[in-house]
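The lines below spell out each chain.
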Amino acid sequence: MHRHNVFNVSTLLLVAANLLIPVAILLFAVGFFPYKPFLPGLAEYQSPEYGPPPKAPFDRLIFMVVDALRRLIKDGVAIPYTAHATSPTITMPRIKAITTGSTPSFLDAILSFDEADTSSTLAAQDTWLAQMKAKKSGKLVMYGDDTWLKLFPGVFDRADGTSSFFVSDFTEVDNNVTRHIPDELRNDDWNTMVLHYLGLDHIGHKTGPRGPNMIPKQQEMDGIVRLIYEAMETQPHLGSTLLVFCGDHGMNDAGNHGASSPGETSPALVFVSPKLKSISKPLKVPADFVEDFQYYNAVEQSDLAPTLAALLGFPVPKNNLGSFMVDFLPFWPESK
Ligand SMILES: *[C@@H]1O[C@H](CO)[C@@H](O)[C@H](O)[C@H]1NC(C)=O
Ligand SMILES: [Zn+2]
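Being a predicted model, the structure only gives us computed values, none of them experimental.

## Some words on the site of ligand 1
Item 1. All residues adjacent to ligand 1 are Thr162, Asp169, Glu172, Asn176 and Arg179.
Item 2. At 3.2 Å, a side-chain N or O of arginine 179 approaches an oxygen atom of ligand 1.
Item 3. Computed on the free molecule, ligand 1 has an accessible area of 360 Å², of which 50% lies beneath the protein chains in the complex.
Item 4. Of the residues contributing to the shell around ligand 1, the split by class is no nonpolar, two polar and three charged.

## Quick look at the nonpolar core
Item 1. With 74 residues, the main nonpolar core has Phe63, Met64, Trp128, Trp148, Phe271 and Leu308 as its most contacted residues.
Item 2. A per-element tally of this core places helix 9 (residues 214-234) first, with eight residues.
Item 3. Contact partners of tryptophan 148, with chain neighbours within four places excluded, come to Phe63, Val65, Ile95, Thr99, Trp128, Leu129, Met142, Phe156, Val194 and His196.

## Here's the deal with the environment of serine 168
Item 1. Examined against the element boundaries, serine 168 turns out to sit in the loop between strand 4 (158-162) and helix 6 (172-178).
Item 2. Each C-alpha atom, one on serine 168 and one on glycine 199, is 8.9 Å from the other, the two residues being 31 residues apart in sequence.

## A closer look at the coordination of the zinc ion (ligand 2)
Item 1. At the metal site, the zinc ion (ligand 2) is ligated by Asp201 (OD), Asp201 (OD), His205 (NE2) and His257 (NE2), and these contacts range over 2.0 to 2.4 Å.
Item 2. Metal-centred angles of 57 to 147° between the four donor atoms at the zinc ion (ligand 2) mark the site as irregular.
Item 3. Its relative accessible area of 7% is what places aspartate 201 among the buried residues.

## Considering the side chain of glutamine 131
Item 1. Mapping glutamine 131 onto the fold places it in helix 4 (residues 128-135).
Item 2. Given the relative accessible area of 4%, glutamine 131 is considered buried.
Item 3. A distance of 3.0 Å separates polar atoms of two side chains, one belonging to glutamine 131 and the other to aspartate 126.
Item 4. Glutamine 131 has contacts with Leu42, Ala43, Asp126, Phe314 and Pro315, leaving out every residue within four places of it along the chain.

## Focus on the packing of aromatic side chains
Item 1. Counted according to the given criterion, the structure contains 11 aromatic pairs.
Item 2. Each ring, one from phenylalanine 165 and one from phenylalanine 166, has its centre 5.3 Å from the other, and the planes form 85°; the classification is edge-to-face.
Item 3. According to the relative accessible area criterion, phenylalanine 166 is exposed, its value standing at 53%.
Item 4. Ring-pair connections join several aromatic residues into one group, and the members of that group are Phe63, Trp128, Trp148, Phe152 and Phe156.
Item 5. The lysine or arginine in question, arginine 60, covers the ring of tryptophan 190, its NZ or CZ lying 5.3 Å from the ring centre.
Item 6. Across the ring face of phenylalanine 58, the terminal group of lysine 275 is positioned such that the distance to the ring centre comes to 5.8 Å.

Definitions and cut-offs
Residues numbered from 1 in each chain as written. Chains lettered and ligands numbered in written order. Predicted model: local features only at pLDDT ≥ 70, side-chain atom pairs only at ≥ 80, totals over all residues. Heavy atoms only, no water. Near = heavy atom within 4 Å. Polar contact = N/O pair within 3.5 Å; in protein donor to acceptor, adjacent residues only side chain to side chain. Areas by Shrake-Rupley, 256 points an atom, 1.4 Å probe, with all protein chains shown as cover. Nonpolar A, V, L, I, M, F, W, Y, C, P; charged D, E, K, R; others polar. Core = buried A, V, L, I, M, F, W, Y, C linked by side-chain atoms within 4.5 Å. Buried < 20%, exposed > 50% of the residue type's maximum accessible area, 1.4 Å probe, protein only. Helix = DSSP H or I, 4+ residues; strand = E, 2+ residues; numbered from the N terminus. Contact = heavy atoms within 4.5 Å. Donors = N, O, S within 2.8 Å, 3.2 Å for Na, K, Ca; no water. Tetrahedral: all angles 85-135°; square planar, octahedral: opposite > 155°, others 65-115°. Phe/Tyr/Trp six-rings, centres within 6.5 Å; stacked < 30°, edge-to-face > 60°. Lys NZ or Arg CZ within 6 Å of the ring centre and 35° of its normal.

Now the structure itself:
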């Protein structure tokens, strides 16, 4: 009789253990693939008791992404950072972090491979693109990686998308972006221009970061920054333009990316404008070599959204988790 009871208890324990395995897997999955509800709608300025929102120093944004850029510091009037990119270091989740200020989960990595997936578009979400569009002070234009066109369908007024499908194409994929720039710099009907260059990423995948095509490509990218900067200095309608120049992710020593090595997670981020002369501190250019790519100050990619909000004068996007980059505070010397 007593023996029988023991048998019953151990059977019960065995059954319970087997039932708990799926529960444990479920718990793990919930933790590893968290579902984050997104707040719908656009953020609006609140609490008028403090008076109107602070005046924005800039009215136009040129957002230049060089895919897989690890490091490329320009001299000139610039505030440089290393912007930490969380893993997975692939383009789609990085654009999500950069534009919404939130940190996408691993689920986004899976969705990123499904090119036809439209459930993950950001067109209806609160991003700095939606906020710049809501300002109605100009059109939104986009040249380069068509991931932006897939993530933001219908958001851009003019666009020419390039595909990252032909990885061996180092030149045409970038010339198709650059050829639009001179005309757009003469246009004054836009308030946001996104440029996303894929050539450097393609070179990385083919030959690694030290391949023979890498230096000429970096010089080409330098030349484009110079072209834009000179227009900002000389053309009156570009007088209050902010150029943000960054990598969406970096690359490892084999020229690939997706994981979390320092080379992959440490892309450069540079703010450029003649107006920054008044607030920037002198820095050593080029910076001394550092092993782990942590050049200048470190920020998170998600800090871009709230910083752009203050610099261009729109409310911080609703799902933002980033924080304002304090180096820009001298733009508002008074307490009000
Ligand atoms: C570049 O533009 C031309 C003309 O629009 C197009 O035929 C070509 O496919 C484009 N190339 C790439 C890599 O996007
Ligand atoms: Zn790549």
